[in-house]
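Each chain is listed here by its residues.
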Amino acid sequence: PRNTRAVAATDYRTEFGTTISCSARENEMPQDFDSHDITVSGMSVHEAEQWLRAQAICDFLHAPMKTQIREAETWLRAWQDICAENSWIEIRDLPGTGLSPWCTLCSRWAELSHLRSKVCRRKVRTFHNQPGPLLSATLH
């Protein structure tokens with residue numbers, strides 16, 4: 001039988017409010033290791049961090065609007081990350097409201113309902129764009 005005694009455990013609280021528990025098991029660690037050697041469910045630490053961040057952003061953007069409004073800085077960071085990987089979405093000043101995502105392909109405010117619409121998805125394909133991982137996770 002394999003020895004699966006946990007030898008290290010850590011809780012991480014992401015900037016989007018998600019708590020992640022991670023543990024390393026004795027039989028999973030090489031004798032000499034650093035953070036680049038550890039894998040989580042077949043992913044490198046970097047891949048796992050990206051996946052967890054995408055999930056945290058997705059969870060946050062699907063939270064009730066009053067939660068998102070209370071956490072305006074977190075909301076803006078989430079959309080800035082989405083804009084960084086999707087050149088056709090940018091942050092613009094919405095008069096009377098503040099900064100909001102804008103779909104440059106459709107010339108419309110990039111609410112999730114708009115980004116899910118057939119019209120927007122068709123324009124994304126027509127202009128040979130593809131939603132990045134954060135946006136894809138958020139739309140599904």
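Residues numbered from 1 in each chain as written. Predicted model: local features only at pLDDT ≥ 70, side-chain atom pairs only at ≥ 80, totals over all residues. Heavy atoms only, no water.

Caption draft 1: Molecular detail of the sheet that holds strand S6 (residues 98-103). Taking strand neighbours across the sheet as the criterion, the 3 strands line up as S5-S6-S7 in an open arrangement whose pairing is antiparallel. The sheet terminates laterally at strand S5 (89-94) and strand S7 (108-109), the two strands that pair on one side only. Of the pairings in the sheet, the one linking S5 to S6 comprises 6 bridges and is antiparallel in character. Pairing of Asp-93 across the sheet is with Leu-99, part of S6. (Pairing = 2+ DSSP bridges. Helix = DSSP H or I, 4+ residues; strand = E, 2+ residues; numbered from the N terminus.)

Caption draft 2: The layout of surface pockets, seen in detail. If you add up the space inside the second largest pocket, you get close to 490 Å³. Met-65, Gln-68, Trp-75, Ser-100 and Pro-101 are, among the 17 residues lining the second largest pocket, the residues nearest its centre. Sorting the residues of the lining of the second largest pocket by element identifies helix H2 (65-70), helix H3 (72-85) and S6 as the ones contributing at least two each. At 4 residues, the largest contribution of residues to the lining of the second largest pocket is made by S6. Grouping the constituent residues of the lining of the second largest pocket by class yields 12 nonpolar, 4 polar and 1 charged. (1 Å grid on protein atoms, 1.4 Å probe; cavity = no way out; pocket = protein on both sides within 12 Å on 5 of 7 lines; lining within 4 Å. Points joined across faces, edges and corners; volume = space filled by probe spheres on them. Nonpolar A, V, L, I, M, F, W, Y, C, P; charged D, E, K, R; others polar.)

Caption draft 3: Seen up close, the confidence of the model for the protein chain. Of the residues in the protein chain, 69% reach a pLDDT of 70 or more, and the chain-wide mean stands at 76. The low-confidence segment residues 1-13, where pLDDT is below 50, has 30 contacts with residues more than four positions distant or belonging to other chains. Within the model, pLDDT remains below 50 along residues 20-39, and this stretch shows 35 contacts once partners closer than five positions in the same chain are excluded. (pLDDT = per-residue confidence, 0-100. Contact = heavy atoms within 4.5 Å.)

Caption draft 4: Expanded view of unusual backbone geometry. Even without glycine at this site, Ser-107 takes up a positive phi of about 55°. Mapped onto the fold, Ser-107 is located in the loop between S6 and S7. According to the relative accessible area criterion, Ser-107 is partly exposed, its value standing at 48%. Residue His-128 is not a glycine yet carries a positive backbone phi of 55°. (Buried < 20%, exposed > 50% of the residue type's maximum accessible area, 1.4 Å probe, protein only.)

Caption draft 5: Broad picture of the packing of helix H1 (residues 45-61) against H3. For the pair H1 and H3, the least separation of the axes is 10 Å and the interaxial angle reads 125°. With respect to each other, H1 and H3 are oriented oblique. The handedness of the crossing between H1 and H3 comes out as left-handed. Of H3, the residues touching H1 (which contributes Arg-53, Ile-57, Phe-60 and Leu-61) are Thr-74, Trp-75, Ala-78, Trp-79, Asp-81 and Ile-82. Classifying every residue of the contact of H1 with H3 gives 7 nonpolar, 1 polar and 2 charged. (Axes fitted to C-alpha atoms, helices over the stretch in contact; angles between N-to-C directions. Parallel < 35°, antiparallel > 145°, perpendicular 65-115°, else oblique. Left-handed = near helix turned anticlockwise from the far one by under 90°.)

Caption draft 6: Molecular detail of the packing of aromatic side chains. In this structure the tally under the stated criterion is 2 aromatic pairs. Taken together, a centroid distance of 6.4 Å and an interplanar angle of 55° make the contact between Trp-75 and Trp-79 tilted. Placement of both Trp-75 and Trp-79 in helix H3 is noted, with a separation of 4 residues, approximately one turn of the helix. Note on accessibility: Trp-75 and Trp-79 belong to one class, buried. Ring centres of Trp-102 and Trp-109 lie 4.7 Å apart, and the angle between their planes is 75°; on these two criteria the pair is classed as edge-to-face. Overall, Trp-102 belongs to the buried group, its relative accessible area being 14%. (Phe/Tyr/Trp six-rings, centres within 6.5 Å; stacked < 30°, edge-to-face > 60°.)

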